[in-house]
Amino acid sequence: MDINKMDQGLLKRNPALTPAEFSHHWYHVHAPLVIPFFLHSGIQHYEQVRHPSPPTPPQPTKQTQMHTPLSTDDPTLDISAWDGVAGLPPQEVLDAPSQMPKWKEDYYREVILPDEKRFLVSAALEHIFRVGPGTVRGERKVVIREGKAVVEVGEEVWRVWREYERRGETEG
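Criteria and cut-off values
Residues numbered from 1 in each chain as written. Predicted model: local features only at pLDDT ≥ 70, side-chain atom pairs only at ≥ 80, totals over all residues. Heavy atoms only, no water. Phe/Tyr/Trp six-rings, centres within 6.5 Å; stacked < 30°, edge-to-face > 60°. Helix = DSSP H or I, 4+ residues; strand = E, 2+ residues; numbered from the N terminus. Buried < 20%, exposed > 50% of the residue type's maximum accessible area, 1.4 Å probe, protein only. Lys NZ or Arg CZ within 6 Å of the ring centre and 35° of its normal. Pairing = 2+ DSSP bridges. Axes fitted to C-alpha atoms, helices over the stretch in contact; angles between N-to-C directions. Left-handed = near helix turned anticlockwise from the far one by under 90°. Contact = heavy atoms within 4.5 Å. Core = buried A, V, L, I, M, F, W, Y, C linked by side-chain atoms within 4.5 Å. Parallel < 35°, antiparallel > 145°, perpendicular 65-115°, else oblique. Nonpolar A, V, L, I, M, F, W, Y, C, P; charged D, E, K, R; others polar.

Colleague: I'm lost on the packing of aromatic side chains in this one. Help?
Modeller: Between two aromatic rings, the relevant description is the distance of the centres plus the angle of the planes. With the rule as written, the count across this model stands at 10 aromatic pairs. Centre to centre, the rings of W82 and F129 are 6.0 Å apart; their planes meet at 20 degrees, and the pair counts as stacked. Residue W82 is located in the loop between β3 (71–72) and β4 (84–88), and its partner F129 is located in strand β5 (residues 129–131); the two are separated by 47 residues in the primary sequence. Look at W82 and you get buried, because its relative accessible area is 11%. Given the relative accessible area of 38%, F129 is considered partly exposed. Geometrically, the ring pair formed by Y107 and Y164 is edge-to-face, given 5.3 Å between the ring centres and 85 degrees between the ring planes. Pair noted here: Y107 is in helix α3 (residues 102–119) and Y164 is in helix α5 (residues 155–171), with a separation of 57 residues, a long-range link. Of the aromatic side chains, those joined through ring pairs into one cluster are F37, F38, Y46 and Y108. The aromatic ring of F37 is capped on one face by K104, whose charged end is 4.9 Å from the ring centroid.

Colleague: Please explain the pairing of strand β1 (residues 7–11) as it appears in this structure.
Modeller: Regular strands show a simple pattern: their side chains alternate between the two faces of the sheet. β1 sits mainly inside the fold: 5 of its 5 residues count as buried. Here β1 shows a buried face lined by D7, G9 and L11 and a second buried face lined by Q8 and L10. Here β1 pairs with β4 via 5 bridges, running antiparallel. From the neighbouring strand, D7 faces β4, where its bridge partner is L88.

Colleague: Please clarify how the packing of α3 against α5 should be interpreted in this entry.
Modeller: Describing two packed helices takes the angle between their axes plus the distance from one axis to the other. For the pair α3 and α5, the least separation of the axes is 8 Å and the interaxial angle reads 145 degrees. Handedness of the α3/α5 crossing: right-handed. Along its contact with α3, which presents K102, W103, K104, D106, Y107, E110 and V111, the element α5 presents V157, V160, W161, Y164, E165, R167, G168 and E171.

Colleague: Is there a simple way to think about the nonpolar core in this case?
Modeller: Soluble globular proteins tend to bury their nonpolar side chains together. Counting residues in each nonpolar core, the largest one holds 27 residues, and the members touching the most others are W26, Y46, Y107 and V143. Of all elements in the fold, only α1 (19–40), α3, β7 (139–145) and α5 reach the threshold of two or more residues within this core. Beyond its immediate stretch of four places on either side in the chain, V143 contacts Y27, A31, I35, Y46, E47, Q48, K148, A149, V150 and V151. Grouped together as the second largest cluster of nonpolar side chains are 9 residues, L10, V49, W82 and V131 included.

Colleague: What is the right way to look at the pairing of strand β2 (residues 46–50) in this model?
Modeller: Counting buried positions over the 5 residues of β2 gives 5, a clear majority of the element. Here β2 shows a buried face lined by Y46, Q48 and R50 and a second buried face lined by E47 and V49. Where β2 and β7 come together, 5 bridges link them in antiparallel fashion. For R50, the partnering residue across the bridge sits in β7 and is E139. In this sheet, β4 lies alongside β2 in antiparallel orientation, the contact comprising 3 bridges.

Colleague: Honestly, the packing of α1 against α5 in this entry has me stumped. Any pointers?
Modeller: Relative orientation of the contacting elements α1 and α5 amounts to 40 degrees, with a least axis distance of 9 Å. Relative to α5, the element α1 lies oblique. Where α1 crosses over α5, the two elements pack in a sense that is right-handed. Taken together, the residues of α5 that come into contact with α1 (itself represented by P32, L33, P36, F37 and H40) are V157, W158, W161 and E165. Partitioned by chemical class, the residues of the contact of α1 with α5 number 7 nonpolar, 1 polar and 1 charged.

Right under this line is the structure:
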């Protein structure tokens, strides 16, 4: 799926986390947890767009590169309350999901969802705000490209995923 045609979902960080902690957790902890789930679901592209981490002293000079904060050309959209944006499949895909096996639902409910509640203000589906493709710009971090993970997924995550897959074999 062409990322430039994907809707975007605006997300809010857990206020107990700094923006830097939120960004780190989302990319380095949460992304590896969702990669097996997304790949199994046939997701070909997933990326995160977020406010960049604040610069560390010394302050950037004209010669150093500055990252762009979240921005939009839509004057009716106030994005100041949002901390990140995830690429979303079209709403019609979400409205007609395929039957998910119980073991995969369990992985989502027992692994992904508790982690969402650690770094987001609530479960993503409880507060996400859908906007059109390319509405919000910012620092982009690709997680899955052309059906392949570009973020390292540790062996512990794969071990847990395989345990859930084995549950599916015994359920079948």
